[in-house]
2 protein chains.
Amino acid sequence: MTDFEISILGGTGGPFENSTQCFIIRSTHNDESVRLICVDGGVGLGSIAAMLRLDPNKRIVESLYENEEEPVEKYVDSTVLSQTTRGFSLAVTRHLEGSIVQQTMKLYQNIGEYYITHPHMDHVAGMIMNSPAIYEPLVPSRKYIKGLPFTIGPLKDFIFNDIIWPQLSNKLLGRLDLVTLSSRESHNSLSIPEWNIIPFEVYHGSKVSDLSSQVSSSVYIITNTRTNNSIVVCGDLEKDHEDPNEPRLLCQLWSYLANNIPLKNLKAIVIECSNSLSIDERRLFGHLSSNKLLDELQTLRDKYGSSSGLRDLKIIVSHVKMTYSEKDPRLTILDELRTLAHEIPGLESLIFSIAVQGYTFTV
Amino acid sequence: MTDFEISILGGTGGPFENSTQCFIIRSTHNDESVRLICVDGGVGLGSIAAMLRLDPNKRIVESLYENEEEPVEKYVDSTVLSQTTRGFSLAVTRHLEGSIVQQTMKLYQNIGEYYITHPHMDHVAGMIMNSPAIYEPLVPSRKYIKGLPFTIGPLKDFIFNDIIWPQLSNKLLGRLDLVTLSSRESHNSLSIPEWNIIPFEVYHGSKVSDLSSQVSSSVYIITNTRTNNSIVVCGDLEKDHEDPNEPRLLCQLWSYLANNIPLKNLKAIVIECSNSLSIDERRLFGHLSSNKLLDELQTLRDKYGSSSGLRDLKIIVSHVKMTYSEKDPRLTILDELRTLAHEIPGLESLIFSIAVQGYTFTV
């Protein structure tokens, strides 16, 4: 039985501005009322419109490397493919009417909350630029933008400050609320009340201007309280530092998962892998590479301590940086992950896929 | 003889994040070296890649209203059509090689300067998210981001502040320079030395949090000092206020043009018209509507005081807000402008077109 539908509005780590991270997530138990949340908002209406125009039978991915288009099988594991829809699922689109613009704004109206992982532009730009659409007279909406303090503070101070963007979060307007969450505390989703959402703070590199000052990001654990099934959706993150005085936040996340979510209930982890293992370690800038991601998954395996390892856990890889290269870096990274994991006890049967823009994964 | 090539990477006023204002501008006198500047940077690499994939012979516009595609003739005046190219001109693309991603990054490498009209997100988001590409090892670049103080100050304080985006403008990195211009002063373009560029401050509505506090924006006058031909490229702007104590900035701009640029040398004005005349005046929020734009053009006509009015001046309309409506609001506004102008002495032969994404206008 499936629980979660994850539509990839954008799933790369830039530098192309039209494919940055934004996932629309829905409960598959609520086919009648289309209530949606977003994790991150790098893109938005533009990607929704593009997805509504896709031919669901043309199962290709826009690559723009060796070929302009590649078959989706190259990016998504065959065991996941049968549940993978090009564009949105029928449950999301069947209530939509009118032109593509009208359908797009109607779908946007159904987004009740954004859970933002961190305030970097490529995770918030679409959400910000789309926000005037909450005032469209025929399809108005009220939205909540949620995040840990290091996300919501900057959105208030630096974005919705009447300088970078109109202060649409002004209380007198009453349509857009910035809501501060607490790390490692369980929050009920307003849009999908049967979901509990727990944000976890993680680290994401250092400031350019002060290398000793760390940048934070978030991981969201989303649990359906009726079925106890969960997914984990990560923002950008880096491996824990060696410094014994620093908290090992990522290690603590893996412990939390192993202690609180039975492996059979962990339906998928959406996690960044920005770089191929060929990257110079000094140029990771707060991100993972394929070997570093596998290190983390070994830690998770150890925390679970199951004799059969992480079995057929689904890993959906996001935030690959699109580089100037011959081969699509998403295919390079996927190949590295599968090849390396095959040699690591307990990771052999992990199911890796790429979070390809325009597709909906059901887990 | 033509002077300026204006490629429309994005030309709407949102709320769709994938078509916000960004123009690549080139001198038609420099066919050998492809040196480019941008006015605004709402979108960027994503739109460049999309433009490189367009079939130049399929002369359609993505509308997404009554029809998903419409013929370009509906948006661009017939006298301008022959000088309007789908995608980029051959001079820009003929040096590009490799995959679409490689061609896109190579073209991006040729952008030397961004002239930003104001720091609202829909005019800077793409420029910011694309900026890590200046470090692509095989296609590195150095770029200058220029603007008036109310633009460059916020970009420093609120964007490249190591919180919303890494401080890539840090002097130690030496690849991205934020440069403050002075209003009404002539600046030489670094990329295209024969161009003089003059920024003019204009007003763009009030702050939500303080209605008495005005928001500023810019208009750029770009002049080829060899031919004396000019184009005027506007950011968002509103009509002058009635208050006699406030400077009438827009009126001063029209005076400046009439006093300094012979009408025959004024090749085009790219100007916003966010709204149809049906909009409630209280909901203009610092923008123009079609009747307000015509009021401004009448002021310009009066300043020039030519017996034949503004003759066949080319007006390229940008920043139309994409609303929830049956008809494409760009077609509604274009129709209003043409119909109304036809009845106004001296504006009868103005040549109105829409700044349609994906096309290159040569003037």
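Here the structure is a predicted model, which is why all the values come from computation and not from measurement. (Residues numbered from 1 in each chain as written. Chains lettered and ligands numbered in written order. Predicted model: local features only at pLDDT ≥ 70, side-chain atom pairs only at ≥ 80, totals over all residues. Heavy atoms only, no water.)

Asker: Requested: an account of the relation of the copies chain A and chain B, with residues and values cited.
Answerer: With an RMSD of 0.0 Å, the operation that places chain A on chain B is a rotation of 180 degrees combined with a shift of 0.0 Å along the axis. The two molecules are tied by a two-fold rotation axis, judged by turn and shift. The C-alpha atom lying nearest the rotation axis in chain A is that of Phe158(A); the distance is 2.4 Å. By residue overlap, the copies meet face to face through one surface: 98% of the interface positions of chain A are interface positions in chain B. (Least-squares fit on C-alpha atoms with pLDDT ≥ 70 in both. Contact = heavy atoms within 4.5 Å.)

Asker: How would you explain the pattern of salt bridges if you had to name every residue and give the values?
Answerer: Side chains that differ in sign of charge can pair as their charged atoms come close. Residue and element names in this part refer to chain A. Applying the stated criterion to the full structure yields 26 salt bridges over all chains. A salt bridge links Glu281 to Lys292; the shortest N-O distance between them is 2.7 Å. Taken as a pair, Glu281 in the loop between strand S14 (266-272) and helix H8 (290-304) and Lys292 in helix H8 lie far apart in primary sequence, 11 residues in all. What makes Glu281 exposed here is its relative accessible area of 52%. (Salt bridge = Lys/Arg side-chain N within 4 Å of Asp/Glu carboxyl O. Helix = DSSP H or I, 4+ residues; strand = E, 2+ residues; numbered from the N terminus. Buried < 20%, exposed > 50% of the residue type's maximum accessible area, 1.4 Å probe, protein only.)

Asker: Before we move on, could you go through the nonpolar core and cite the residues and values that matter?
Answerer: One finds Ile145(A), Ile159(A), Ile145(B) and Ile159(B) to be the most contacted residues of the largest nonpolar core, which totals 96 residues. In this view, Ile159(B) contacts Met121(A), Ile159(A), Ile164(A), Ile128(B), Pro154(B), Ile164(B) and Trp165(B); residues no more than four positions away in its chain are not counted. (Core = buried A, V, L, I, M, F, W, Y, C linked by side-chain atoms within 4.5 Å.)

Asker: Outline the confidence of the model for chain A, listing residues and values.
Answerer: Put simply, chain A has an average pLDDT of 96, and 100% of its residues get 70 or more. Taken together, the chains of this predicted complex give a pTM of 0.98 and an interface ipTM of 0.97. (pLDDT = per-residue confidence, 0-100.)

Asker: Which residues make up the packing of helix H1 (residues 45-52) of chain B against helix H4 (residues 100-109) of chain B, and what are the values?
Answerer: Residue and element names in this part refer to chain B. At a closest axis distance of 9 Å, the pairing of H1 and H4 adopts a crossing angle of 120 degrees. As the angle between them shows, H1 and H4 are arranged oblique. By crossing handedness, the relation of H1 to H4 is classed as right-handed. Contacts between H1 and H4 involve Leu45, Ile48, Ala49 and Leu52 on the former and, on the latter, Ile100, Gln103, Thr104, Met105, Leu107 and Tyr108. Class assignment of the residues belonging to the contact of H1 with H4 gives a composition of eight nonpolar, two polar and no charged. (Axes fitted to C-alpha atoms, helices over the stretch in contact; angles between N-to-C directions. Parallel < 35°, antiparallel > 145°, perpendicular 65-115°, else oblique. Left-handed = near helix turned anticlockwise from the far one by under 90°. Nonpolar A, V, L, I, M, F, W, Y, C, P; charged D, E, K, R; others polar.)

Asker: How would you explain the interface of chain A and chain B if you had to name every residue and give the values?
Answerer: Listed per partner, the contact involves 62 residues of chain A and 61 residues of chain B. Scanning the region where chain A abuts chain B turns up four salt bridges. A salt bridge links Glu68(A) to Arg53(B); its shortest N-O distance comes to 2.7 Å. For the pair chain A and chain B, the interface holds 30 residue pairs in polar contact (both at pLDDT 80 or more). (Polar contact = N/O pair within 3.5 Å; in protein donor to acceptor, adjacent residues only side chain to side chain.)

Asker: Explain the sheet that holds strand S2 (residues 22-27) of chain A to me, and be specific about the residues and the numbers.
Answerer: Strand order in this open sheet of eight strands is S6-S17-S1-S2-S3-S7-S8-S9 (chain A), and the pairing throughout is mixed. In this open sheet, the two edge strands, each paired with only one partner strand, are strand S6 (85-86) and strand S9 (176-180) of chain A. (Pairing = 2+ DSSP bridges.)

Asker: Tell me what's going on with the side chain of Lys146(A), and back it up with residues and numbers.
Answerer: Relative to the helices and strands, Lys146(A) resides in strand S8 (residues 143-147). Lys146(A) gets classed as buried once you look at its relative accessible area, which sits at 6%.

Asker: So, the environment of Ile279(B): which residues are in play, and what are the values?
Answerer: Along the chain, the position of Ile279(B) falls in the loop between strand S14 (266-272) and helix H8 (290-304). For the pair Ile279(B) and Ile37(B), spaced 242 residues apart in the sequence, the C-alpha separation amounts to 34 Å.

Asker: Give me the lowdown on helix H7 (residues 249-260) of chain B, citing residues and values where you can.
Answerer: All names here are of chain B. Under the 1.5 Å per step criterion, the end-to-end length of H7 is 16 Å for 12 residues, consistent within 8% with the ideal 16 Å. Residues of H7 that are buried include every one of Leu249, Leu250, Cys251, Leu253, Trp254, Leu257 and Ala258, and no others. Along its buried surface, H7 packs onto strand S11 (195-206), strand S12 (214-224), strand S13 (230-234), S14 and H8. (Expected span 1.5 Å × (residues − 1).)

Asker: Let's hear about the state of the cysteines: which residues, and what values?
Answerer: All names here are of chain A. Inspection of every chain in the model, using the stated rule, returns zero disulfides over all chains. Cys38 carries a free sulfur, and the closest cysteine sulfur to it, the one in Cys22, is 4.1 Å from it. Cys273 takes part in no disulfide bond, and the closest cysteine sulfur, belonging to Cys234, lies 12 Å away. (Disulfide = S-S within 2.5 Å.)

Asker: Tell me about empty space enclosed by the protein, residues and numbers included.
Answerer: In this approach, a probe sized like a water molecule rolls over the atoms, and the result shows the empty space that is left. Residues and elements named next belong to chain A. Scanning the model with the defined rule gives one cavity of 30 Å³ or more in all. Empty space within the largest cavity amounts to approximately 30 Å³. As for the largest cavity, its lining consists of Val202, Tyr203, Leu237, Glu238, Lys239, Asp240 and Leu250. Along the lines of polarity and charge, the residues of the lining of the largest cavity split into four nonpolar, no polar and three charged. (1 Å grid on protein atoms, 1.4 Å probe; cavity = no way out; pocket = protein on both sides within 12 Å on 5 of 7 lines; lining within 4 Å. Points joined across faces, edges and corners; volume = space filled by probe spheres on them.)

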